[in-house]
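Each chain, written out:
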Amino acid sequence: MDVFGVMIGLVLLFGIAVLALAVVGTVKAAKAVTEKVGKHEANARRAVETAALKARTYTRIGPPAQIANVRLKLRTSLDGTRQVLESGLSQDGQLGESLALLTRLDAHAAELDGQLRMLEREPDTARIAAKLPELRERAERITHSAETMRWAAQDRMQRFAEDELSRLSQECESEAGALRHWDSAGAGVGGGLGAGAGVGVGAARPGLTDGKGRPSAEELLGLTDPLVKLAQRLRKPSAGPSAG
């Protein structure tokens, strides 16, 4: 009974552990889904606000249009910089520091955007005219900082791409040279065969083979030189009929 009870206890503990892991996994999955949905909602909301700001720059006149233009430039610059840094973060970890700085800029930009939004609802045009130059100057400083990081990141990624392309081109040239190595090897083999054939042709003498490249019977019997001498004597012109 004691062993049976221990086994039941172990099974219960295992079931509780599995249930706890399932609950933790479900909570994490739900949290990830919630964060993803929240991010999409924030992006959608921001896109709608950007479109509304663009419309205000065209449909309004005077200080409201100027304020909308300042807000639009500020938002566009920060969004463009964030997109560039996030796109290159997987290849260059140093861009993480730039993203941290951009987050701090975002905080200043959010505060400034709130002040500009309140200024849009200000009925006193004199106050708007007094406050707008100061807020525009702050927006230009934030925009310049964001643009400086964006341009530097773009130049850095372009330089890395050019260096990678140069290395890749060198590797391709080396591989092409290795693939063409058979040309020199084949030429060496062909040259050796040609030289051997030349020596064989130069060394061969007519009449010493049977026409198929095999030694003749005369050569095998050692009668080559006497036969050659006899042929040379027979080829000499006759001196004419003898006097006798």
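Residues numbered from 1 in each chain as written. Predicted model: local features only at pLDDT ≥ 70, side-chain atom pairs only at ≥ 80, totals over all residues. Heavy atoms only, no water.

Examining the packing of helix α2 (residues 63–88) against helix α4 (residues 125–179)
Viewed as axis vectors pointing N to C, α2 and α4 meet at an angle of 20 degrees, and their least axial separation amounts to 9 Å. Here α2 is positioned roughly parallel relative to α4, judged by the angle of their axes. As α2 runs across α4, the sense of the crossing is left-handed. (Axes fitted to C-alpha atoms, helices over the stretch in contact; angles between N-to-C directions. Helix = DSSP H or I, 4+ residues; strand = E, 2+ residues; numbered from the N terminus. Parallel < 35°, antiparallel > 145°, perpendicular 65-115°, else oblique. Left-handed = near helix turned anticlockwise from the far one by under 90°.)

Considering the packing of α2 against helix α3 (residues 95–120)
For any two helices packed against each other, the geometry comes down to the angle between their axes and how far apart the axes lie. Across the interface, α2 lies against α3 with an axial gap of 10 Å and an inter-helix angle of 165 degrees. One way to sum up the angle between α2 and α3 is to call them roughly antiparallel. When the axes of α2 and α3 are compared, the crossing they make is left-handed. Residues belonging to the contact of α2 with α3 are distributed by class as follows: 15 nonpolar, four polar and eight charged. (Nonpolar A, V, L, I, M, F, W, Y, C, P; charged D, E, K, R; others polar.)

A few points about the confidence of the model for the chain
Here the chain averages 76 in pLDDT, and 69% of its residues register 70 or above. In the model of the chain, helix α5 (residues 181–203) stands out as the element of lowest mean pLDDT, 52, in contrast to α3, which has the highest, 92. Long-range and interchain partners of residues 193–208, a stretch whose pLDDT sits below 50, account for eight contacts in this model, where long-range means more than four residues apart. (pLDDT = per-residue confidence, 0-100. Contact = heavy atoms within 4.5 Å.)

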